Amino acid sequence: MRSESNVEVGRQKQILHFGNGDEPQGLDPTIVTGIPEWHIIQALFEGLVAKDPATLEIRPGVAESWTISGDQKIYTFRLRREARWSDGDPVTAGDFVFTWKRALIPTLGNPYAYMFNCIRGAKTFFEGRNPDFGQVGVKALDDRTLQVELETPTPYFLQLLDHHSYYPVQKKTIEKFGAVDEPNMRWTRPENIVGNGPFTLKEWILNRVVIVEKNPLYWDAARVKLWQIYFYPIPNASTEERMFRAQQLHVTDRVPADKLAVYRENDPDSLHVTPYLGTYFYRLNSNVKPLDDVRVRRALAMSIDRRQLVEKIAKGGQQPAYTLTPPNTAGYTSYAKLPHDAQKAQELLAEAGYPGGRGFPRLELMYNTDELHRKVATAIQQMWKKSLNIDITLLSQDWKVFMDRETHLHYQMSRGSWIGDYLDPTTFLDMFIAGSGNNRTGWSNPRYDELLKQATRTGDREERYALLRAAEAILVEEAPIIPLYTYTQMRLISTDLRGWDHNVLDQHPFKYLYLEAPREAERKIERH
């Protein structure tokens, strides 16, 4: 007798089986930085605001309403009376004050601390120039009223609040299991964690599955239809695709490039290829020789044929990228470019002291384990050999080891990527300011930082974008990173899944998702 598949059982019990890429590094919303972590955290926690999954417009979250002062610098949020932690305690304005102070303690290691710079006094507190958090523009006026004062008007501030680094964490839970500034603590284990999102953490079996279950105390629990979500770490795209075909998954994290044509021909309803606000690039560690020489970095960038990468390797409608920020990000497009020019690349390498590649040390290119990453790295390895006559060693690492090595600059060259957290070019450009926890290249440029700072001081969009273009031109010219292509999102999605709206941030709040057989859904449409 045939046993029922995950998809079949899931439809009956509202259990979503979700391919989640890699094993999460952790589940502390203040310090994690990967997409696998984000997927789980958005089920367990919620910020002051949320995004509409269809339009990406800001919607109320923990805050039921807010007001903005006439000078656009003071935001006053009114929290929901019914907002609760999963242990039943109320979510208060003080929880946000505690969380944001914790996020700005340097020893915690929050890689997104720079995203708080728009708040008055946050940067000087983080840098230790003013140790009094009372001088930072975050105040609990009462248990249900939070007031935030900004340094300057920040048009994307509400979008920032939907980022996981701004999500509240519960003070008593943090303090019960360690110091406030201690990263990766025991408090995130299933038996200990307390969240305020639509789901609670039921089980976490390392390298097998993370299971979350509907939170009956969530303020909007009546909207939540899913009972459980199983997040599977599946770093191999081919394995994940086979699981989808076997009806073990409702959603995959990606699609193997060599399977795209097969699904387009045989199962187009399951294949979803959509625009994605993200860039695939390589980081170059500017602290190590010879990558400390800008001529070497530029030579590496100019000897890559990006068109060949997207047409022969990626195959998913991606576009060659010569800048970090994708074109037309909230109306912003950078015009800077290091084009594919093998002859110029050879001249630059010769100027740096390596004519014809002679004497160039064998460098190591690190990537997190994934078949597409291996193929891209192999293709670029061959391009560098052909154009520059240099030899590169490839190194595959699992996600946790990869992130740890990159964070501590224990690498020479590494695969990188960035997906926009909000709809503004600064979601990309702020990464590379000096001291940013997401920079991870060893590179900095005072002029770059100053241009980004100047951009925060003007309310004129064209003037602001001109300053950002000037900053991005420096990033392109000095090449601490090599942009390769602009992403598309490629997934296999079961036709049972409802409530999944495509958007360029690829954000799909689980509170809106549910499972239903296609014929049942069609009958409901006919009745209307």
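Residues numbered from 1 in each chain as written. Predicted model: local features only at pLDDT ≥ 70, side-chain atom pairs only at ≥ 80, totals over all residues. Heavy atoms only, no water.

## Some thoughts on the overall build of the chain
Working step 1: Looking only at helices and strands, the chain features 17 helices and 18 strands.
Working step 2: Rg of the C-alpha trace for the chain: 24 Å, near the compact-globule value of 24 Å for 528 residues, within the 12% margin.
Working step 3: When the backbone C-alpha atoms are referred to their principal axes, the chain occupies close to 70 × 70 × 45 Å.
Working step 4: Across the 528 residues that make up the chain, the buried fraction comes to 56%.
Working step 5: Restricting the contact set of the chain to residue pairs at least 6 apart, pairs at least 24 apart contribute 70%.
Working step 6: Split by element, the accessible area of the chain, about 21700 Å² in all, is 48% carbon and sulfur.
Working step 7: Averaging the locations of the 66 positively and 68 negatively charged side chains of the chain gives two centres separated by 1 Å. (Helix = DSSP H or I, 4+ residues; strand = E, 2+ residues; numbered from the N terminus. Rg over C-alpha atoms; globule rule 2.2 N^0.38 Å. Buried < 20%, exposed > 50% of the residue type's maximum accessible area, 1.4 Å probe, protein only. Contact = heavy atoms within 4.5 Å. Areas by Shrake-Rupley, 256 points an atom, 1.4 Å probe, with all protein chains shown as cover. Lys, Arg positive; Asp, Glu negative; His and termini not counted. Charge placed at Lys NZ, Arg CZ, Asp CG, Glu CD.)

## Overview of the sheet that holds strand E11 (residues 271–284)
Working step 1: Spatial strand order, E12-E16-E11-E15-E13-E14: six strands in an open sheet with mixed pairing. Where the open sheet ends on each side, the last strands, each with one partner, are strand E12 (319–320) and strand E14 (392–397).
Working step 2: Where E11 and strand E16 (residues 481–492) come together, ten bridges link them in antiparallel fashion. Residue pairing for E16: arginine 283 is matched across the bridge by isoleucine 481. (Pairing = 2+ DSSP bridges.)

## So, the sheet that holds strand E10 (residues 228–232)
Where strands meet in a sheet, backbone hydrogen bonds hold them as pairs that are either parallel or antiparallel.
Working step 1: The strand order across the open sheet built from four strands is E1-E10-E9-E8, with neighbouring strands paired in mixed fashion. At either end of the open sheet lies a strand with only one pairing partner, and these are strand E1 (15–19) and strand E8 (199–205). Looking at each pair of strands side by side, their axes are set apart by 20° on average, direction ignored.
Working step 2: Bridge count between E8 and strand E9 (residues 209–214): six bridges; the pairing is antiparallel. Within the sheet, the bridge partner assigned to isoleucine 205 lies in E9 and is valine 209. (Axes fitted to C-alpha atoms, helices over the stretch in contact; angles between N-to-C directions.)

## With respect to the pairing of strand E7 (residues 145–149)
Working step 1: As paired strands, strand E5 (residues 74–79) and E7 are joined by five bridges and run antiparallel to one another. For tyrosine 75, the partnering residue across the bridge sits in E7 and is valine 148.
Working step 2: Looking at chain direction, strand E6 (residues 138–142) and E7 are connected through four bridges and run antiparallel. What sits directly across from alanine 140, in E7, is leucine 146.
Working step 3: Here E6 hands over to E7 after two residues, the two strands then running antiparallel side by side.

## Focus: the pairing of strand E15 (residues 413–419)
Working step 1: The buried fraction of E15 is high, at six of seven residues.
Working step 2: Relative to E15, E11 runs antiparallel, the two sharing seven bridges. Within the sheet, the bridge partner assigned to tyrosine 280 lies in E15 and is serine 417.

## Re the side chain of serine 5
Working step 1: Within the fold, serine 5 resides in the segment before helix H1 (6–13).
Working step 2: Ignoring any residue separated from it by four or fewer positions in sequence, one finds serine 5 in contact with Ala246, Gln247 and Gln248.

## A look at the environment of aspartate 341
Working step 1: Relative to the helices and strands, aspartate 341 is located in the loop between E12 and helix H11 (342–351).
Working step 2: Linking aspartate 341 and isoleucine 304, residues 37 residues apart in sequence, is a C-alpha distance of 8.2 Å.

## Focus: the nonpolar core
Side chains that are nonpolar tend, in soluble globular proteins, to be buried together.
Working step 1: With 63 residues, the main nonpolar core has Leu48, Phe77, Trp100, Ile119, Leu146, Phe157 and Tyr448 as its most contacted residues.
Working step 2: In terms of residue count, the dominant contributor to this core is helix H16 (residues 461–478) (six residues).
Working step 3: Leaving out residues up to four positions away in the same chain, phenylalanine 157 has contacts with Tyr75, Phe77, Cys118, Ile119, Val148, Leu150 and Tyr166.
Working step 4: Counting residues in hydrophobic clusters, the runner-up holds 43 residues, among them Val296, Tyr367, Ala377 and Ala479. (Core = buried A, V, L, I, M, F, W, Y, C linked by side-chain atoms within 4.5 Å.)

## Quick word on the packing of aromatic side chains
Working step 1: Per the stated rule, a full pass over the model turns up 27 aromatic pairs.
Working step 2: Each ring, one from tyrosine 112 and one from tyrosine 114, has its centre 6.4 Å from the other, and the planes form 35°; the classification is tilted. One exposure class covers both tyrosine 112 and tyrosine 114, and it is buried.
Working step 3: Grouped by ring-pair contacts, the aromatic residues Trp66, Tyr75, Phe77 and Phe157 constitute a single cluster.
Working step 4: Cation over ring: arginine 80 sits above tryptophan 219, and NZ or CZ is 3.5 Å from the ring centre.
Working step 5: Its end group placed over the ring of tyrosine 514, lysine 225 keeps NZ or CZ at 4.0 Å from the ring centre. (Phe/Tyr/Trp six-rings, centres within 6.5 Å; stacked < 30°, edge-to-face > 60°. Lys NZ or Arg CZ within 6 Å of the ring centre and 35° of its normal.)

## Here we look at the side chain of asparagine 445
Working step 1: With respect to the secondary-structure elements, asparagine 445 resides in the loop between helix H14 (426–429) and helix H15 (446–455).
Working step 2: According to the relative accessible area criterion, asparagine 445 is buried, its value standing at 12%.
Working step 3: Of the polar contacts made by the side chain of asparagine 445, one reaches the backbone nitrogen of tyrosine 448; its length is 3.0 Å.
Working step 4: Separated by 3.0 Å, the side chains of asparagine 445 and glutamate 478 make a polar contact.
Working step 5: With near-sequence residues (within four places) excluded, asparagine 445 lies in contact with Ile474 and Glu478. (Polar contact = N/O pair within 3.5 Å; in protein donor to acceptor, adjacent residues only side chain to side chain.)

## So, helix H12 (residues 371–388)
Residues spaced three or four apart along an α-helix point in a common direction, a consequence of the helix completing one turn every 3.6 residues.
Working step 1: For H12, which comprises 18 residues, the first-to-last C-alpha distance of 25 Å matches the rise-based estimate of 26 Å (1.5 Å per residue) to within 8%.
Working step 2: Where H12 starts, the residue carrying a side-chain oxygen 2.8 Å from the main-chain nitrogen of leucine 372 turns out to be aspartate 370.
Working step 3: Once H12 finishes, asparagine 389 follows within two positions and takes phi at roughly 60°, a positive value. (Expected span 1.5 Å × (residues − 1).)

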